[in-house]
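# Chain and residue survey
Each chain is listed here by its residues.
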Amino acid sequence: MTNDKGKYYISTPIYYPSSNLHIGHTYCTVMADAMARFKRLCGYDVWFLTGTDEHGQKIQKAAEENGVTPQEYVDRIVEGIKELWKTMEISYDDFIRTTEERHVKRVQNIFMKIYENGDIYKGEYEGLYCTPCESFWTESQLVDGCCPDCGRPVEKASEEAYFFRLSKYQERLTELFEGTPEFLQPETRRNEMLAFVRRGLDDLCISRSSFNWGIPVPINDKHVIYVWLDALSNYITALGFDDEPELYNKYWPCDVHLVGKEIVRFHSIIWPAMLMAMNEPVPSHVLGHGWLLLEGGKMSKSRGNVIDPVKLIERYGIDALKYFLLREYTFGQDGIFTNEVMLNRMNSDLANDLGNLVLRAVTMIGKYCGGVIPESKLPGEHDDELKALATGAAAKVEGFMDKFAFNLALEEVWALVRRTNKYIDETMPWVLARDAANKDRLDTVMHNLADSLRIISILIYPFMHTTSKEIRKQLGMWYADVAWEDAFVFDMANGEQVKKGDAIFPRLDIEKELEALEQLQESAQSVPLELKPEIEYDEFDKMDFRVGLILEAKKHPKADKLLVFKVKMGTEVRQVISGVADDYTPEEMVGMKVVVVANLKSRTFRGLESKGMLLFGENGDRWDIVTTTAPDGATVC
């Protein structure tokens, strides 16, 4: 098809290569790939961008721990990411790495452009820093004394830095959210970000001088450009902004930035403000999708509970996995991933519905029509209903795809799949075949089956292009390109020689598959833990662990998630604060004997001092207190 509907630019986040990707990461990329394929099929000139965000303190530390340079460290992981996208048949047009020279020089140009416009200045930054998120926070922004994005502890940091005048764009950002509600979706994310902006925006730290793995600030090589100016700029540096602007002029503004909900703030507030500072258009849409969760909580390499998509692809095929991810979950909402749900979906929809339909149709055309798709000759009952559903499906799919409602778009396709299976049962070709007088009616039924499958093969192409091609091959239509406009027309199949192949989705033995997947997961979990850097015994010996008896527990008056404890250790009673109110009531904690880090430097949480730390163990989506029967005040070693 010719690209006559204009341009369509879609991007995924650029992934942080601190470790290998899991199925939660693939969810976003599979969605973007399906949309890119759909838009191409509909006649758009598509540009699909993905890539990797490779700078920052976290990468530098990980490289040092592994005894390699930062570049060597990211090169190895990025190679694995590219191989994963190749395995998953992701149809991206460009893969941007933030360590590439094209990106580096353009980010420096962007820095200078904003600097020369007066929106970057040098100052001193003192704040609370989260290393994993590479973000500074104020005390009021913390949640239970921890990073509001990832929940990890923060540390005080002070250094010279360059700042972006984010506060200058508060009014324009408010107008963007209020005047263009479709800019950020779903609505819950827009409301969250609008409230964030209305509370007031601080200027943004955009350089660091405490580490050097990053793009040098062009006016001060003691600084490197901070991650969000570096990373967010990829969406235009990949297009050549602004030294080779041909692609930029063609595709910008981006039609859709597809991102996880945890980075919506950066894409809908910081990124538009930077573009405003350069007098460039903001993206048309930012869409924040939900997370794939396991029953025990969010997938995490450190927990050892991640799902390796490669293992699932090797066992069930790429199209089966893509179908499950797109069909099972509602865009914008979190979804629970379980092996049983996945296998049941594959069996019911792919094996029973689609696979069985292809097998029945091709087998009967071979048996009753000599393997040649016949013409429609004698209309009968049920034909019009099937044809109306078949030719009306594409418009409904388009409507849902425009809303990124992949699950509902696929439900429309499967309504046709199920109706076509029902059509076989209604017309009973095996009965018609008993009497030669019914040959014209039998031919018509076979024709309608083949043409319905032809339309289905077009409708599923954006989601399952390999399966689409296999269906067309078995229908003898291997010679014809898939064209979206052909899904609106019936009676196009005629005279093709069908060729029966293997079952496209064999039925699965659920119990056996669950057992096999459990074994694979156990095998994957046997790999060494990802640990913090090793410490010497002398360093560990500095920590003083004591047994404490909880005498009193109550909720913090200014923080719903904090509990305030009075803990007796021998002759001393201390106040210790922990962020576990979601997991424990004050009443159930009283009387417990717990392990306390007794010589930890005191900290203040929302106005109350905490002298020490209670030890908890992560258990799925909650924290379990570490208890003991030893006498209070006893040393723990």
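Calculation criteria
- Residues numbered from 1 in each chain as written.
- Predicted model: local features only at pLDDT ≥ 70, side-chain atom pairs only at ≥ 80, totals over all residues.
- Heavy atoms only, no water.
- Helix = DSSP H or I, 4+ residues; strand = E, 2+ residues; numbered from the N terminus.
- Buried < 20%, exposed > 50% of the residue type's maximum accessible area, 1.4 Å probe, protein only.
- Contact = heavy atoms within 4.5 Å.
- Areas by Shrake-Rupley, 256 points an atom, 1.4 Å probe, with all protein chains shown as cover.
- Lys, Arg positive; Asp, Glu negative; His and termini not counted.
- Charge placed at Lys NZ, Arg CZ, Asp CG, Glu CD.
- Core = buried A, V, L, I, M, F, W, Y, C linked by side-chain atoms within 4.5 Å.
- Phe/Tyr/Trp six-rings, centres within 6.5 Å; stacked < 30°, edge-to-face > 60°.
- Pairing = 2+ DSSP bridges.
- Axes fitted to C-alpha atoms, helices over the stretch in contact; angles between N-to-C directions.
- Parallel < 35°, antiparallel > 145°, perpendicular 65-115°, else oblique.
- Patch = residues over 30% accessible without salt bridge, like charges linked within 9 Å, V, L, I, M, F, W, Y side chains within 5 Å.
- Salt bridge = Lys/Arg side-chain N within 4 Å of Asp/Glu carboxyl O.
- pLDDT = per-residue confidence, 0-100.

Okay, the overall build of the protein next. Scanning the protein from N- to C-terminus turns up 21 helices and 26 strands. For the protein, the spread of C-alpha atoms along the principal axes amounts to about 100 × 65 × 45 Å. Within the protein, buried positions represent 53% of all 637 residues. For the protein, the share of sequence-separated contacts (at least 6 apart) that also reach a separation of at least 24 residues comes to 75%. A total of about 28400 Å² of accessible surface is found on the protein, and carbon and sulfur atoms cover 49% of it. If the 74 positive side-chain charges of the protein are averaged to one point and the 100 negative ones to another, these points end up 2 Å apart.

Core analysis: the biggest nonpolar cluster contains 112 residues, and Leu354, Phe404 and Trp414 have the highest contact counts within it. When residues no more than four places from it in sequence are discounted, the contact partners of Phe404 are Tyr8, Ile10, Met35, Val256, Leu258, Leu287 and Phe331. Counting 67 residues, the second largest nonpolar core, distinct from the first, contains Phe111, Phe183, Met193 and Trp271.

Enumeration over the complete set of coordinates arrives at 25 aromatic pairs. When the ring of Tyr27 is compared with that of Tyr329, the centres are 6.0 Å apart and the planes differ by 75°; the resulting orientation is edge-to-face. Taken together, the residues span a long stretch of sequence, with Tyr27 in helix α1 (residues 23-42) and Tyr329 in the loop between α12 (318-328) and β16 (335-336) at a distance of 302 residues. Each member of the pair, Tyr27 together with Tyr329, is buried. On the numbers, 3.8 Å between centres and 10° between planes, the contact of Trp228 with Phe266 is stacked. Taken as a pair, Trp228 in helix α7 (residues 227-232) and Phe266 in helix α10 (residues 264-277) lie far apart in primary sequence, 38 residues in all.

Moving on: the sheet that holds strand β10 (residues 216-217). Read from one edge to the other, the open sheet built from 3 strands follows the order β9-β11-β10, with strand pairing classed as antiparallel. Only two strands of the sheet have a single neighbouring strand rather than two, namely β9 (207-208) and β10. Sheet topology note: the β9/strand β11 (residues 220-225) ladder contains 2 bridges and is antiparallel. Note that in β11 the partner of Arg208 across the bridge is Val224.

Another aspect to go through is the packing of α1 against α12. For any two helices packed against each other, one specifies the crossing angle of their axes together with the interaxial distance. Across the interface, α1 lies against α12 with an axial gap of 10 Å and an inter-helix angle of 90°. On the basis of their axis angle, the class for α1 and α12 is roughly perpendicular. Taken together, the residues of α12 that come into contact with α1 (itself represented by Ile23, Thr26, Tyr27, Val30, Met31, Asp33 and Ala34) are Leu321, Lys322, Leu325 and Leu326.

Looking now at the sheet that holds strand β3 (residues 94-97). Taken together, the 6 strands give an open sheet; going across it, the order is β3-β2-β1-β12-β13-β7, and neighbouring strands pair in parallel fashion. The sheet is open, and its two edges are formed by β3 and β7 (184-185), each paired on a single side. Sheet topology places strand β12 (residues 256-260) next to strand β13 (residues 286-289); 4 bridges connect them, and they run parallel. The partner of His257 across the bridge, within β13, is Val286. Across the sheet, α10 touches β7, β12 and β13, and the angle it forms with β12 is around 140°.

Here the focus is a negative patch on the surface. A surface patch of negative charge is lined by Glu340, Asp509, Glu511, Glu515, Glu518 and Glu522. The element contributing the most residues to the negative patch is helix α19 (residues 510-524), with 4 residues. Looking at where Glu340 falls in the secondary structure, it is placed in helix α13 (residues 339-368). Here Glu340 falls in the partly exposed class, since its relative accessible area comes to 44%.

Our next topic: the pattern of salt bridges. Applying the stated criterion across every chain, the model contains 36 salt bridges. Asp33 serves as the salt-bridge partner of Arg37, at 3.0 Å between the closest nitrogen and oxygen. On the criterion of helical spacing, the pair formed by Arg37 and Asp33 is a turn pair, its members being 4 residues apart in helix α1. A single burial state applies to Arg37 and to Asp33, both of which are buried. When the shortest N-O distance is used, the salt bridge between Glu513 and Arg315 registers 2.7 Å. Here the residue Glu513 occupies a position in helix α19, and Arg315 occupies one in helix α11 (residues 309-316), the gap between them amounting to 198 residues. Judged by relative accessible area, Glu513 falls into the buried class, the value being 13%. On the accessibility criterion, Arg315 (40% relative accessible area) is partly exposed.

It is worth spelling out the pairing of β3 at this point. Alternating positions in β3 separate into two faces, Asp94 and Ile96 on one and Phe95 and Arg97 on the other, with burial throughout. Relative to β3, strand β2 (residues 45-52) runs parallel, the two being bridged by 4 bridges. Bridging from a neighbouring strand, Thr50 pairs with Phe95 of β3.

Cis geometry marks the peptide bond from Gln185 to Pro186; its omega dihedral reads 5°. Following the sequence through the fold, Pro186 ends up in the loop between β7 and α6 (187-198). In this model, Trp252 is joined to Pro253 through a cis peptide bond whose omega is 10°. The phi angle at Asn279 is positive, at roughly 60°, despite the residue not being glycine. Mapped onto the elements of the fold, Asn279 is located in the loop between α10 and β13. Its relative accessible area of 64% is what places Asn279 among the exposed residues. Even without glycine at this site, Met428 takes up a positive phi of about 45°. On the secondary structure map, Met428 appears in the loop between α15 (406-427) and α16 (429-432).

All right, on to the environment of Ser376 then. Structurally, Ser376 is set in the loop between α13 and α14 (383-401). Taking C-alpha positions, Ser376 is 74 Å from Val626, a pair spaced 250 residues apart along the chain. With residues up to four places along the chain from it excluded, the contact list for Ser376 reads Thr444, His447 and Asp491.

The pLDDT averaged across the protein works out to 91; a share of 95% of its residues lies at or above 70. In the predicted structure, residues 301-305 sits below a pLDDT of 50 and forms 19 contacts with residues beyond four places in sequence or in another chain.

With that settled, the discussion passes to a nonpolar patch on the surface. On the surface, a nonpolar cluster with roughly 420 Å² of combined accessible area is contributed by Ile535, Tyr537, Phe540 and Met543. Within the secondary structure, Phe540 is located in helix α20 (residues 537-541).

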